[in-house]
Amino acid sequence: MTGLGPERLSLNTATVRAQWTLAQCVDGCARHAIAGIAPWRDKLHEMGVTVAARAIRDAGLQVSGLCRGGWFTQSGRLDQTVIDDNRRAVDEAAELGAACLVMVVGGLADASRDLPGARALVEDGLAATLDYARTQGVRVAIEPLHPMYAADRACVNTMRHALDLCDRLGDGIGCAVDVYHVWWDPELEAQILRAGAARLMAFHICDWLVPTRDLLVDRGMMGDGIIDIARLRGLVEAQGFTGLNEVEIFSEANWWKADPDEVLKTMIRRAAAC
Ligand code: ZN
């Protein structure tokens, strides 16, 4: 397996979230010959969806995913405003020609201890969103999050759980595999095999630092931590995944303080060893 070149990379805008607007991210990808981009919706809305879609097309970039839909659980019931927002996210993903709409499904409802209830809500919310996404030709990708986020971000925490949901929900839904969230899972290999090409919709890379000093914003650059990214990439590619390798690094103390062009250069250099 050869290392990754920039023609196989995508920049998740979170990686330079503190430094760059979406327009600057698009220019930066073009300047560094990075093949794709994955916008977060706050940056997308700042720029305007139609303007952004045109800029991304004009720069010749692929969109490896739109971050993010989901967040179904907060009020403790299936909230119409949340469903409507997810429909808008589907529309935006369609306009961008995104490979998928990434779903961060939500944790426990506020002040709740009802984990089974939250998981049931997630399934209902995904079903409602998927019904609409199918009509727009948008693929929905559940991103299982590391279990440390089960309370406040996502109560789907393993590939097995995500794929169980996919099995029940049918076509058009799969997984976003983020190495940061799933590297530890002893079932990972078997579940990637189970997913197959059609349900492997995104592959996010970064590294797990030891020690990790913050649950959310202390992700590492590839090569600075303990994840065997090359092995995990080999597993998804062996199943037929041909999408871009999306670099998604939340790093308040380090990469968000760096010169963003240096961040992109470092990304490219480090990915070559993955
Ligand atoms: Zn991710």
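Quick caveat: nothing in here was measured; it's all calculated off a predicted structure.

Caption draft 1: How the structure looks around the nonpolar core. Ile-37, Leu-126, Ile-142, Met-159, Ile-205 and Met-222 are the most contacted members of the largest nonpolar core, which has 83 residues in total. Apart from the residues lying within four places of it in its own chain, the contact partners of Ile-142 are Met-103, Val-105, Leu-126, Val-156, Ala-162, Leu-165, Cys-166, Ile-173, Gly-174, Cys-175 and Ala-176. Within the second largest apolar cluster, 12 residues are counted, among which are Cys-100, Met-201, Phe-250 and Trp-256.

Caption draft 2: Structural context of the sheet that holds strand β2 (residues 36–38). Strand order in the open sheet formed by nine strands is β3-β2-β1-β9-β8-β7-β6-β5-β4, and the pairing between neighbours is parallel. With one partner strand each, in any of the chains shown, β3 (62–63) and β4 (66–70) form the two edges of the open sheet. Pairing geometry for strand β5 (residues 101–104) and strand β6 (residues 140–142), over three bridges, is parallel. Bridging from a neighbouring strand, Val-102 pairs with Ala-141 of β6.

Caption draft 3: Main features of helix α9 (residues 229–238). Listing the buried residues of α9 in full gives Ile-229, Leu-232, Arg-233, Leu-235 and Val-236. In an axial view of α9, the angular spread of the buried residues amounts to 155°, which keeps them on one side of the axis. Those residues of α9 that are buried lie in contact with α7 (179–182), α8 (188–199), β8 (200–205) and β9 (245–247). Backbone geometry just downstream of α9 places Gly-240 in the positive-phi region, at approximately 105°.

Caption draft 4: Expanded view of unusual backbone geometry. Between Cys-67 and the following residue, Arg-68, the backbone shows a cis peptide bond with an omega angle of 0°. When you line up the elements, Arg-68 lands in strand β4. Cis rather than trans, the peptide bond between Val-210 and Pro-211 has omega equal to -5°. Tracing the sequence through the fold places Pro-211 in the loop between β8 and α9. Residues other than glycine seldom take positive phi values, yet Ala-33 does so here, at roughly 60°.

Caption draft 5: Inspection of the side chain of Thr-73 at higher detail. Relative to the elements of secondary structure, Thr-73 occurs in the loop between β4 and α4 (80–96). Judged by relative accessible area, Thr-73 falls into the buried class, the value being 2%. Polar contacts involving the side chain of Thr-73 include one to the main-chain carbonyl oxygen of Gly-107, which spans 2.6 Å. When sequence neighbours within four positions are dropped, the list of residues in contact with Thr-73 reads Val-105, Gly-106, Gly-107, Leu-108, Ala-109, Ala-118, Leu-121 and Val-122.

Caption draft 6: Seen up close, the coordination of the zinc ion. Distances from the zinc ion to its protein donors, Glu-143 (OE), Asp-178 (OD), His-204 (ND1) and Glu-248 (OE), fall at 2.0 to 2.2 Å. Every donor counted, the four donor atoms about the zinc ion form angles of 87 to 155° at the centre, which fits irregular coordination. Look at Glu-143 and you get buried, because its relative accessible area is 3%. For Asp-178, a relative accessible area of 0% puts it in the buried group.

Caption draft 7: Fine view of the layout of surface pockets. Estimates place the volume of the largest pocket at around 270 Å³. For the largest pocket, the lining is made up of 20 residues, of which Trp-40, Arg-68, Arg-153, Leu-216 and Phe-250 are closest to its centre. Looking at the lining of the largest pocket, the elements that each hand over two or more residues are β4 and β5. Split by residue class, the lining of the largest pocket holds 11 nonpolar, two polar and seven charged. Space inside the second largest pocket adds up to approximately 170 Å³.

Caption draft 8: Spotlight on the state of the cysteines. Going through the model one piece at a time under the given rule, you end up with zero disulfides. Considering cysteine sulfurs only, Cys-100 is the nearest to Cys-67, which forms no disulfide, with 7.9 Å between them. Look at Cys-67 and you get buried, because its relative accessible area is 2%.

Caption draft 9: Up close: the packing of α8 against α9. Running from amino to carboxyl end, α8 crosses α9 at an angle of 30°, the nearest separation of the two axes being 9 Å. For the element pair α8 / α9, the angle class is roughly parallel. The hand of the α8/α9 crossing is right-handed. Counting all contacts with α8, which are made through Leu-188, Glu-189 and Ile-192, the residues of α9 involved are Arg-231, Leu-232, Leu-235 and Val-236. Partitioned by chemical class, the residues of the contact of α8 with α9 number five nonpolar, no polar and two charged.

Caption draft 10: The environment of Ala-38, seen in detail. With respect to the helices and strands, the residue Ala-38 is situated in strand β2. With 24 residues separating them along the chain, Ala-38 and Gln-62 place their C-alpha atoms 8.5 Å apart. Ignoring any residue separated from it by four or fewer positions in sequence, one finds Ala-38 in contact with Ser-10, Leu-11, Asn-12, Thr-13, Ser-64, Gly-65 and Glu-246.

Calculation rules
Residues numbered from 1 in each chain as written. Predicted model: local features only at pLDDT ≥ 70, side-chain atom pairs only at ≥ 80, totals over all residues. Heavy atoms only, no water. Core = buried A, V, L, I, M, F, W, Y, C linked by side-chain atoms within 4.5 Å. Buried < 20%, exposed > 50% of the residue type's maximum accessible area, 1.4 Å probe, protein only. Contact = heavy atoms within 4.5 Å. Pairing = 2+ DSSP bridges. Helix = DSSP H or I, 4+ residues; strand = E, 2+ residues; numbered from the N terminus. Arc of directions from axis to C-beta. Polar contact = N/O pair within 3.5 Å; in protein donor to acceptor, adjacent residues only side chain to side chain. Donors = N, O, S within 2.8 Å, 3.2 Å for Na, K, Ca; no water. Tetrahedral: all angles 85-135°; square planar, octahedral: opposite > 155°, others 65-115°. 1 Å grid on protein atoms, 1.4 Å probe; cavity = no way out; pocket = protein on both sides within 12 Å on 5 of 7 lines; lining within 4 Å. Points joined across faces, edges and corners; volume = space filled by probe spheres on them. Nonpolar A, V, L, I, M, F, W, Y, C, P; charged D, E, K, R; others polar. Disulfide = S-S within 2.5 Å. Axes fitted to C-alpha atoms, helices over the stretch in contact; angles between N-to-C directions. Parallel < 35°, antiparallel > 145°, perpendicular 65-115°, else oblique. Left-handed = near helix turned anticlockwise from the far one by under 90°.

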